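# Examination of the molecular architecture
Here is what each chain is made of, one letter per residue.
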Amino acid sequence: MASSYLDHHLALLKHLRGILVALSEAEQVEDENHALFLERFDELLDNLPEDTEGNLVLGQDLISQIFHRYPQIAHLIPRDLLWFFGGDCLHFMPDEEIELYQTLDERRYQAEQQGEVFDWNQEKQLLALPADSSKH
């Protein structure tokens with residue numbers, strides 16, 4: 001996987017970790033179980049750059065657990081992470097959103113094959129424009 005693509009998702013994971021830490025600081029979770037969960041989350045952050053494919057299942061598991069263990073922050077989970085990890089995470093995405101991410105992935109793949117730079121966020125905004133403008 002292209003490193004900028006991976007870097008984007010690592011940044012999102014670090015942001016999500018910050019939210020998880022804030023939960024414990026606000027004393028909204030059990031410390032011992034939460035600490036163990038954060039250890040596994042850190043393991044994912046550490047190992048993902050070296051073995052992305054090998055850590056996708058761990059990522060799926062952790063993201064899915066956040067929905068179940070911490071429903072109060074489910075709305076704060078970056079949607080890009082659901083698509084990145086795939087598998088069970090896709091159950092938390094509506095079909096229209098999955099179609100958007102499929103199109104994004106196809107565009108990213110085409111850009112990489114042609115040696116072009118692909119700006120994930122910019123492309124996502126461009127794809128979302130027609131849908132957003134039709135709602136108004």
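Scroll up a little and you will see the structure.
All figures in this text were calculated on a predicted structure; none of them were measured in a lab. (Residues numbered from 1 in each chain as written. Predicted model: local features only at pLDDT ≥ 70, side-chain atom pairs only at ≥ 80, totals over all residues. Heavy atoms only, no water.)

## Remarks on a negative patch on the surface
Residues Glu43, Asp46, Glu50, Asp51 and Glu53 make up a contiguous surface patch of negative charge. On the secondary structure map, Asp46 appears in helix 2 (residues 31–47). (Patch = residues over 30% accessible without salt bridge, like charges linked within 9 Å, V, L, I, M, F, W, Y side chains within 5 Å. Areas by Shrake-Rupley, 256 points an atom, 1.4 Å probe, with all protein chains shown as cover. Salt bridge = Lys/Arg side-chain N within 4 Å of Asp/Glu carboxyl O. Lys, Arg positive; Asp, Glu negative; His and termini not counted. Charge placed at Lys NZ, Arg CZ, Asp CG, Glu CD. Helix = DSSP H or I, 4+ residues; strand = E, 2+ residues; numbered from the N terminus.)

## What about the packing of aromatic side chains?
Under the defined criterion, the tally for this structure stands at nine aromatic pairs. The interplanar angle of 65° and the centroid separation of 5.1 Å between the aromatic rings of Tyr5 and Trp120 together place this pair among those described as edge-to-face. Here Tyr5 is found in helix 1 (residues 3–25), whereas its partner Trp120 is found in helix 6 (residues 120–135), with 115 residues between them in sequence. For the pair Tyr5 and Trp120, a shared accessibility class is recorded, and that class is buried. Ring centres of Phe37 and Phe41 lie 6.4 Å apart, and the angle between their planes is 40°; on these two criteria the pair is classed as tilted. Taken as a pair, Phe37 and Phe41 lie in helix 2 at a separation of four residues, close to a single helical turn. Residues Phe37 and Phe41 agree in their burial class; the two are buried. In this structure, Arg108 packs its charged tip against the face of Tyr5, placed 3.6 Å from the ring centre. (Phe/Tyr/Trp six-rings, centres within 6.5 Å; stacked < 30°, edge-to-face > 60°. Buried < 20%, exposed > 50% of the residue type's maximum accessible area, 1.4 Å probe, protein only. Lys NZ or Arg CZ within 6 Å of the ring centre and 35° of its normal.)

## Observations regarding the pattern of salt bridges
All chains considered together, the criterion is met by seven salt bridges. Among the salt bridges present, the one from Asp80 reaches Lys124, with a minimum N-O distance of 2.7 Å. Note that Asp80 is positioned in helix 4 (residues 79–85) and Lys124 in helix 6, a separation of 44 residues in sequence. Taking the relative accessible area as the measure of exposure, Lys124 reaches 23% and is therefore partly exposed. Here Arg107 ties to Glu123 by a salt bridge, and the two come within 2.9 Å at their closest N and O atoms. Taken together, the residues span a long stretch of sequence, with Arg107 in helix 5 (residues 95–113) and Glu123 in helix 6 at a distance of 16 residues. For Arg107, a relative accessible area of 33% gives the class partly exposed. According to the relative accessible area criterion, Glu123 is buried, its value standing at 19%. One connected set of salt bridges, linked through shared partners, spans Asp105, Arg108 and Glu112.

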